[in-house]
Amino acid sequence: MGNAYAGQLKTTRFEEVLHNSIEASLRSSSLVPRPVFSQLYLEAEQQLSTLEGGGRVDHEDEEEEGDGALEPSCPPNPYQMHPPPEGCCTTDGFCQAGKDLRLVSISSEPIDVPAGFLLVGAKSPSLPDHLLVCAVDKRFLPDDNGHNALLGFSGNCVGCGKKGFCYFTEFSNHINLKLTTQPKKQKHLKYYLVRNAQGTLTKGPLICWRGSGTIASKSRPREIKVLLCIREFRSRQTSASACCSSLFPPTESAGPLATFSGEPVPGATPSVPLGAQQAGPASGPASEHPSLTAAVGPAVFNGKDSPKHQQLVKNDPSVLPRPSALGILSNSGPPKKRHKGWSPESPSATDGGYAQSGGSRAKYEGAGMSCTPQVGSVGPPSVTFPVVASGEPVSVPDNLLKICKAKPVIFKGHGNFPYLCGNLNDVVVSPLLSTCYQNSQSISRAYEHYGASAIQPISEEMQLLLTVYYLVQLAADQVPLMEDLEQIFLRSWRESHLTEIRQYQQAPPQPCPPAPGALAPVTSAQLPWLAGLAASSCNDSVHIIECTYSLAEGLSEMFRLLVEGKLAKTNYVVIVRACHSPAIDSCVAVTGKYQARILSESLLTPAEYQKEVSYELVTGKVDLLGAFFSTLCPEGDIDILLDKFHQENQGHISSSLTASAVSKAASLDAPACMSYGLEPHHIRPFQLAVAQKLLSHVCSIADSSTQNLDLGSFEKVDFLICIPPSEVTYQQTLFHVWHSGVLLELGLEKEHMTKQRVEQYVLKLDAEAQTRFKSFLQNSFQNPHTLFVLIHDHAHWDLVSSAVHNLYSQSDPAVGLVDRLLNCREVKEAPNIVTLHVTSFPYALQTQHTLISPYNEIYWPASYSSGVDLYPENKKYFGLSEFIESTLSGHSLPLLRYDSSFEAMVTALGKRFPRLHSAVIRTFVLVQHYAAAMMAVSGLSQMKNYTSVETLEITQNLINSPKQCPCGHGLMVLLRVPCSPLAAVAYERLAHVRARLALDEHFEIILGNPSSGITVGKHFVKQLKLWQKIEDAEWRPQTYLELEGLPCILIFSGMDPHGESLPRSLRYCDLRLINSACLVRTALEQELGLAAYFVSREAPLEKAARSEPLESDAEKLSSTDNEDEEPGTEGPAAEERSPVKRERSSSHDSAASSLSSKASGSAPCGESSAQPGPPSQGEQPQSPQPCGSSDEGRAARERQRPHASRGPPPTVVSRHSPGRAAQPDSGPRPSQRGAQGLVPPASPQLPSSSAAPAAGELALQAPQCSLTKACRQPPIVFLPKLAYDMVTATDSSGLPKAASLLPSRSVMWASAFRPQLSKTMTSTEQSLYYRQWTVPRPSHMDYGNRAEGRVDSFHPRRLLLSGPPQVGKTGAYLQFLSILSRMLIRLTEVDVYDEEEININLREESDWHYLQLGDPWPDLELFKKLPFDYIVHDPKYEDASLICSHLQSMKSEDRGTSRKPEELYVRRQTARMRLSKYAAYNTYHHCEQCHQYMGFHPRYQLYESTLHAFAFSYSMLGEEVQLHFIIPKSKEHHFVFSQPGGQLESMRLPLVTDKSHEHIKSPTFTPTTGRHEHGLFNLYHAMDGASHLHVLVVKEYEMAIYKKYWPNHIMLVLPSIFNSAGVGAAHFLIKELSYHNLELERIRQEELGIKPQDIWPFIVISDDSCVMWNVVDVDCGGERSREFSWAERNVSLKHIMQHIEASPNITHYALIGMRKWSSRAGSAQVREPFSRCHVHDFIILNVDLTQNVQYNQNRFMCDDVDFNLRVHSAGLLLCRFNRFSVMKKQIAVGGHRSCHITSKVSDNPAAIVPAQYICAPDSKHTFLAAPAQLLLEKFLQHHSHRFFPLSLRNRGHPVLSVDCYLNLGSQISVCYVSSRPHSLNISCSDFMFSGLLLYLCDSFVGASFLKKFQFLKGATLCVICQDRNSLRQTVVRLELEDEWQFRLRDEFQTANAKEDRPLFFLTGRHI
């Protein structure tokens, strides 16, 4: 125990390692030792978590040894400590004897150290801050160089003195380390302890376990990685090994752009095999960057069919794939003592899955210890071979392909590459490796500031050496990857510069950087020897050729050896010339048949691939395959067998096999199947959420200040959906549009629309698209008020630049069509077109040059957040992440599988037919398998041996499923054949076999071609019509969705799927033929997207499909789906998951490939593998297995049998691994979520995992339709082995390898210095990652958009919606169109107050009415005779006190009860009105016409403005008033200055006699507060473009924000003393300023000869919520006729103002106003054209006539009523134009609501009630932070009955209010009188008043004035003054004590502090 071999050091001498290797092989039962090279140069990689601040301290070397590593199929068992002896001490830091071992405690104590022992410090996980002192025998510790530590342990306890601990485990128990993992001395013995000068024991140097001076840094569990590093040349260089998770996030590469090829080994950033696709065959070094298209390639893993093995190596490209004692760990060697009989083939090292791979590793590698360099591998080439001069071309031998069975792929490396001549067709030359080297030598800009001398790029020698190491450790069935190499170079470089980088990170860069640590570089002289040494351990899998003069020698030598057959076992040849100059030349040739085939095929573009396949089919090369297949069958050719079968069974086969289900389906009285039914169209919660997200993004574009979208100017929505040229997708989209109802909702079509009309809105991007798109553009140009949404669905398709089309337009007119149409100038510039790209794979649209802003991306939301189901739905989406999860789940069969027997046959045939493309071979093999399976199911049971178990299962279930349903519903098998010619071949062959077997009416075979529709046989169309209840005789299925329930094989062709949806009856998705040689992320994910599916949540799902909370933040996306690829938990559970994954070997191999198939297809079993068992199946079946049950069921039950009682495993021979016994799975693992060995088969699982019922039960069980099962489980997907490994392997963060591939063929990585994608990234972070690290290729349509992330490079009206495939994006964007349309209608509408006038019944019944109903203007003489109507009719004053006049005072009834104050706003009635073209707008309105008016220059620069002071004196304020004007340059012409830019003198006023129709004469003032965004200050449209002067009156503290939003408006800024004032102050200052300005203008213009009375005296004071204006047109039908009709229409404010301003004698009117609009206004309100009454909201004020009538500057409420009464009492005329009305918009912010009353002392937010607004003077009442006047008005409004109790509901006896109107609440009436001499007052002789209100009364109010009025006995008085002193003076001056009684307690004040100047009240009673 405890003798961990990691103590054996890597950099020991060669002989020492050789000795250890021999010792290891002697102790092993295997002949495969740990290769010497691995011990010398490979070490388990450690993550730099300590440097990153991540990782856990106690996991430093945890996974290097121990159970988890030894038994890869086991989860890590937590380490079980022996319980401590009874009564011993268990305290941390003390030994079991209770003695203190902590260094801080015993550092000064003497310690007895025996000879040969050293004191060392041990780290305990529970005491991270302490070292425990131990005495250890120094023989078991490493020397200074990190060498020669003996295995084992010997130590003493320095506390209690106990000696002789021989095992570190025992010792760690004694000193109470309390470990949860296997104790290891390397992990816990950290430091030597030394005594300092004072004799105190202190921490000394680190114990050098690794041959390096630093502590081994932390690694997370399961991250077993291998880093290629050379320790011999590292001397004392610090080497905390390279980190994978980007310690220093690189930004961009300064070097050339790389191209990559796609085929990740389980590596860090996988992508392509060393090859990548070239845009043309002649891509030489000069054009290598632009011309290389996507790097794509297959996932070639370790070839062992075992997923467990993959899991072990999944995390790093450099993991050693050979089975060793530690799985694949590099520090192998002699096993630990407990591992007796150690063997790589034993179940402890690998498992049954590994056994299927066909032969052990020894076959490829031989015994490493006997591996000596071959002659010529190191040293000069053989002398017998002629030397080739350096300049000469190298001749490629003839028949090379015939001899080698594969085309060698030669990768250029460093230096010069010689010319090749001769048989060039048999070799492939690629510059990719050279590009990779160059990229890795260009140091990222992230490190440039460290200085060139400190940070050097990796040397060429080291690059080549690392390449050799990488190739050496590749397994025989792995393919090298450029991206793996890049990651290795990056890690090696980082590690070698770790010290410098850390220094620079900790300190600012210095002018003279410190010298780097001692690092001995690899010299060119050492390189060949080191490379040869490295290659010596691999049994010549890698062959090194050293050249003297040029690479030409080495290439000639290589061709000679190839021709002579001496490189038969060699996969890679590395040729290096490194002798005579500092620079080296190198190249790497791939000669392994498997690797060379995959790499050469991966270099083909999709077009070249199709061309190659077509050529092979046309030229008949494939006939060789047919001939070969005919030799396989013992009875002869399959066709002969078929003909024989057909003749023998022609008579009765149809009747016996045409099951009753088929005839039943045809008969009308057949029992109905309840499972069938196409789903009705409805919007799911997810789709609605996405539609709303889209809408909010569109709104945010409109709301931004860039003016790119003016939503307010659009009246309706139109759209066009562009889709790829697939007929099925086209019909599918038409179907969605038709059934969504969106056309009706948008008002684009009427009811009963035809299909032809719907076709106008969907555009198939084919040859005819251009014409239709032009008409769309024309339509958008002609309808500027329609918002056109251009939806680009499946947007990742055809990203080819139109520039490419210009080059190749003759070849294909469709090339670059998307770019030519959607990116044309008209679309980009049209202000009314919004482009929405919709795709499941957005990566190619997320590059450095993208047109789409990252803020305009919308992602499909995750289902769960923090365990909460965000959008409850009855169906659960099952996408890629869930399919991958199914491969992890513990007890059920995975939904993602591969077929190893199929793969084995393809590999064998690939070697036999080297000239045939793999796609051809794969297709022919698979078709052969299907044909054999059909024959086997039809009764030719001998054909089972010529198909695979997987294909047999598919075919069996396909043919038998209709028998399970009374209606004959069956399942669909999707057979994906990307290459159209091959698809046609497959279709013909399968149809022929089906016909010969008389299965024509059992299932249909459909050829799905993108360019054509679906063809289905008449018999099956009849069935579909019957099922779908369709009576149309002409009906044919046009989409795959309409094939619901049809038993069929759908052969799906086309290089890429185009968004076709598949029906729920899809049961098998056979993707075995997808082109896995050139995989990129988009290509792989879109193939897997075909299987995406919705499963019913109610169904009993297995663990993979169960709707458990998925651990994902709201937008997390690992691959396609927005959910994590591994839903579950993090931390320990995640650690446990990896071994679960490894455990599942045979099930991944389709669960049945290790069992021979005995199933007979003729039994009436149906899809037995997918039958959810009823409860009766609970018992383990005792009777024999029914012959029809599939092997899946058997394998599942095999796993479920309790393993504890398991006997020897059955020796079932598998065809796929001849001669090897299949190892059964290991027992149940603790990490699984249930003890799987105890789960009875009846537990609800996915049907594919339930055990098949016993024979007796089968008859009793009702047949079940396959559709019922289809709703409960997703399809089963078969993948090529390469793709399967790619998808299921994950990197260190848990991200599937596929997600780390190059994202798309049309982009390339920007830099080799890039971090890796992480699983924890959200969709947004992934987008930003791709935007930083990918660039488009020259052929990409975004290539020319070179602004690289600058905001102005993004198109402002372009959005990107991405979501998983088949999730419902079409429904979401159609719903978006609907809600966008609704919102536009809503945007063109506004809520306006719609209230009837109040107190109509109290109107004055005068003899005088204005009866000249047709007058356009009031007649002055008539008007003067009209009485003034004192009563307020404005509905906003419903809660205000009624004003009494003598006529109505006695006969009115009581008004209703008052409202609660908080209800006043809420309950006001509004109506929704459509905005007219004459409306006033807020800041959100942007249209072309008013851009200049608003101050937005075309370049979006704000207008300049200047600040001007304007002062005037006013006696009432007692001081000079200083106002400030902010005047934009564009408005300076309205003002007079002393000189240009000088002192402001006045505001220009027009003349009364001006008759211009081009401008409005009256300046408009709009006081406003709190409404900078929502105030309606844009009067451009309201004024119909007429010139006018508009001034915003704002408070000083709001000046900046108003100026920001309204840069082109004139601002009048009130003095700071008015910051807390109400609207009265603004009105007061507007009026006084205007009068002062009138006088200045009269003086100025008098000098010009103009009379003073001719200057225009009117101003407009308008509310900031006036939105529209109306006029009533009347038809009087005669002068005094009773007939009267009228109609109201919207007009411009210009029309109204010019009409009023043209009134004759207008200067005789003091105030002019208009009605407030109401929909309920009757003819009574508009019959009389003019009224003499109160005016509100929008008034035209004559500042000349009202010179002596002021607004009260202190007022907050009712100041307009107060002012109206003053004006009337002054004898002036108020005129209301009843035929004009103003609409007021309801604005919920600002205005009077911005005045808040809060406590001054506390922050308590509790509401303060109006009763608290006043208090007794000198009391301790809480003071309030509000103006005294506001408190007074609010208090009187709600509580005036406390002062005037007699006045309550007593209209006959009102309160007398002198010189002011204050609102005393709706239940108290007031009578207004003016004390001014000669004022007009009502006659008060009839009144007995119930109260008297004296508010701040001036000297006009005297005692004699008050004595004119009579009061009731007990009437109350309220006197209000500014202070207590004036209160007393007023009482004395007015002799109030003669008639009124006062008490001390009747004095009050507003609840203000003294500094806030409270108002004081005195109340009294009338005597």
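In case you missed it, the structure is sitting above this.
Computed from a predicted model, the values in this text were never measured in an experiment.

## What to know about the packing of helix H23 (residues 638-649) against helix H38 (residues 980-996)
- The N-to-C vectors of H23 and H38 enclose an angle of 30 degrees; their axes lie 9 Å apart at closest approach. When the interaxial angle is binned, H23 and H38 end up roughly parallel. In this structure, H23 contributes Ile638, Asp639, Leu642, Asp643, Phe645 and His646 to the contact, and H38 contributes Arg989, His992, Val993, Ala995 and Arg996.
- Residue classes in the contact of H23 with H38 are distributed as five nonpolar, two polar and four charged.

## What to know about the pairing of strand S23 (residues 875-878)
- Residues of S23 alternate between two faces, with Lys875 and Tyr877 on one and Lys876 and Phe878 on the opposite face, all of them buried.
- As judged from the four bridges shared by S23 and strand S29 (residues 1093-1096), these two strands associate in the antiparallel manner. Each bridged residue has a counterpart across the sheet, and for Lys875 the counterpart in S29 is Ser1096.

## Some thoughts on the packing of aromatic side chains
- Counted according to the given criterion, the structure contains 40 aromatic pairs.
- Their ring planes at 70 degrees and their centres at 5.6 Å tell us that Phe1423 and Tyr1709 sit as a pair that is edge-to-face. Of this pair, Phe1423 sits in helix H48 (residues 1420-1425) while Tyr1709 sits in the loop between helix H53 (1693-1701) and strand S46 (1711-1716), and the two are 286 residues apart along the sequence. This pair shows no difference in class: Phe1423 is buried, exactly as Tyr1709 is.
- Residues Phe1577 and Trp1606 carry aromatic rings whose centres are separated by 5.3 Å and whose planes lie at 80 degrees to one another, so their mutual orientation is edge-to-face. Of this pair, Phe1577 sits in the loop between strand S40 (1564-1567) and strand S41 (1590-1594) while Trp1606 is found in the loop between helix H51 (1599-1605) and strand S42 (1610-1613), placing the two residues 29 residues apart along the sequence.
- Using a relative accessible area of 0% as the deciding quantity, one classes Phe1577 as buried.
- Every member of this aromatic cluster is reached through a ring pair, and the members are Phe1887, Phe1889, Phe1905, Phe1909, Phe1911 and Trp1940.
- Its guanidinium or amino end placed over the ring of Tyr1068, Arg1067 lies 5.6 Å from that ring's centre, counting from NZ or CZ.
- Against the face of Trp1309 rests Arg1314, its NZ or CZ located 4.1 Å from the ring centre.

## Points about the pairing of S42
- What you see with S42 is no split at all: Ile1610 and Leu1612 on one side and Met1611 and Val1613 on the other are buried throughout.
- In this structure, S41 lies alongside S42, joined through four bridges in parallel fashion. In the sheet register, Val1593 faces S42, and the bridge partner there is Leu1612.

## Describing the environment of Leu1413
- By secondary structure assignment, the location of Leu1413 is in the loop between strand S34 (1389-1393) and H48.
- Separated by 261 residues in the primary sequence, Leu1413 and Val1674 have C-alpha atoms spaced 8.6 Å apart.

## Some remarks on H38
- The end-to-end C-alpha distance of H38 is 24 Å, a good match for the 24 Å that 17 residues give at a rise of 1.5 Å each.
- Of all the positions in H38, only Leu982, Ala983, Ala986, Leu990, Ala991, Val993 and Arg994 are classed as buried. Each buried residue of H38 sits inside an arc of 160 degrees when the element is viewed along its axis, so together they form one side.
- Positive phi appears at Ala998, one or two residues downstream of H38, with a value of about 55 degrees.

## With respect to the sheet that holds strand S15 (residues 585-590)
- Ordered in space as S12-S10-S15-S14-S13, the five strands form an open sheet in which the pairing is mixed. Looking at the sheet topology across the chains shown, the edges are occupied by strand S12 (428-430) and strand S13 (542-547). Each strand axis lies, on average, 20 degrees off the axis of its neighbour in the sheet, ignoring direction.
- Relative to strand S14 (residues 572-577), S13 is paired through six bridges, and the arrangement is parallel. Within the sheet, the bridge partner assigned to His543 lies in S14 and is Val573.

## So, the pattern of salt bridges
- Taken as a whole and judged by the stated rule, the model has 54 salt bridges.
- In this structure, Glu1085 and Arg1081 form a salt bridge, with 2.8 Å as the shortest nitrogen-oxygen distance. A residue pair is termed a helical-turn pair when its members lie 3 or 4 positions apart in one helix, as Glu1085 and Arg1081 do in helix H40 (residues 1081-1088) at four residues. Each member of the pair, Glu1085 together with Arg1081, is buried.
- Residues joined in a network through salt bridges with shared partners are Asp1434, Lys1436, Asp1663, Lys1716, Asp1737 and Lys1784.

## Regarding the nonpolar core
- Phe1525, Leu1894 and Leu1936 are the most contacted members of the largest nonpolar core, which has 116 residues in total.
- Ignoring anything within four residues of it in the chain, the contact list for Leu1894 reads Val1858, Val1901, Leu1906, Leu1917, Cys1918, Val1919, Ile1920, Leu1934 and Leu1936.
- Listed in part, the 109 residues of the second largest apolar core include Leu895, Met935, Leu997 and Ile1005.

## Observations regarding the side chain of Asp1070
- As for its placement among the helices and strands, Asp1070 is situated in strand S28 (residues 1066-1070).
- Judged by its relative accessible area of 0%, Asp1070 is buried.
- In this structure the side chain of Asp1070 is engaged in a polar contact, spanning 2.6 Å, whose partner is the side chain of Tyr930.
- Excluding residues within four positions of it along the chain, Asp1070 makes contact with Leu926, Tyr930, Ile954, Leu974, Leu975, Arg976 and Phe1278.

## Observations regarding the sheet that holds strand S30 (residues 1276-1279)
- Spatially, S24-S30-S28-S25-S27-S26 is the arrangement adopted by the six strands of the open sheet, whose pairing is parallel. Each end of this open sheet is capped by a strand with a single partner; those strands are strand S24 (896-898) and strand S26 (1004-1008). With strand direction ignored, the average angle separating the axes of adjacent strands in the sheet is 20 degrees.
- In terms of strand pairing, strand S25 (residues 972-976) meets S28 through four bridges, oriented parallel. When the bridges of S28 are listed, Val973 appears paired with Tyr1068.
- Across the face of the sheet, helix H45 (residues 1281-1288) comes into contact with S24 and S30 while running at roughly 145 degrees to S24.

## Focus on the environment of Leu1073
- With respect to the secondary-structure elements, Leu1073 resides in the loop between S28 and H40.
- Through-space distance from the C-alpha of Leu1073 to that of Val977 is 5.8 Å; in sequence the pair is 96 residues apart.
- Not counting residues up to four positions away in its chain, the partners in contact with Leu1073 are Phe902, Arg922, Thr923, Leu926, Arg976, Val977 and Pro978.

## Notes on unusual backbone geometry
- Phi is positive for Ala998, which is not a glycine, with a value near 55 degrees.
- Tracing the chain through its elements places Ala998 in the loop between H38 and S26.
- At Arg1957, a residue that is not glycine, the phi angle is positive and equals roughly 55 degrees.
- Its place among the elements puts Arg1957 in the loop between strand S57 (1940-1950) and strand S58 (1960-1966).
- Relative accessible area serves as the criterion here: at 63%, Arg1957 is assigned to the exposed category.

Here is what the cut-offs are and how they apply
- Residues numbered from 1 in each chain as written.
- Predicted model: local features only at pLDDT ≥ 70, side-chain atom pairs only at ≥ 80, totals over all residues.
- Heavy atoms only, no water.
- Axes fitted to C-alpha atoms, helices over the stretch in contact; angles between N-to-C directions.
- Helix = DSSP H or I, 4+ residues; strand = E, 2+ residues; numbered from the N terminus.
- Parallel < 35°, antiparallel > 145°, perpendicular 65-115°, else oblique.
- Contact = heavy atoms within 4.5 Å.
- Nonpolar A, V, L, I, M, F, W, Y, C, P; charged D, E, K, R; others polar.
- Buried < 20%, exposed > 50% of the residue type's maximum accessible area, 1.4 Å probe, protein only.
- Pairing = 2+ DSSP bridges.
- Phe/Tyr/Trp six-rings, centres within 6.5 Å; stacked < 30°, edge-to-face > 60°.
- Lys NZ or Arg CZ within 6 Å of the ring centre and 35° of its normal.
- Expected span 1.5 Å × (residues − 1).
- Arc of directions from axis to C-beta.
- Salt bridge = Lys/Arg side-chain N within 4 Å of Asp/Glu carboxyl O.
- Core = buried A, V, L, I, M, F, W, Y, C linked by side-chain atoms within 4.5 Å.
- Polar contact = N/O pair within 3.5 Å; in protein donor to acceptor, adjacent residues only side chain to side chain.

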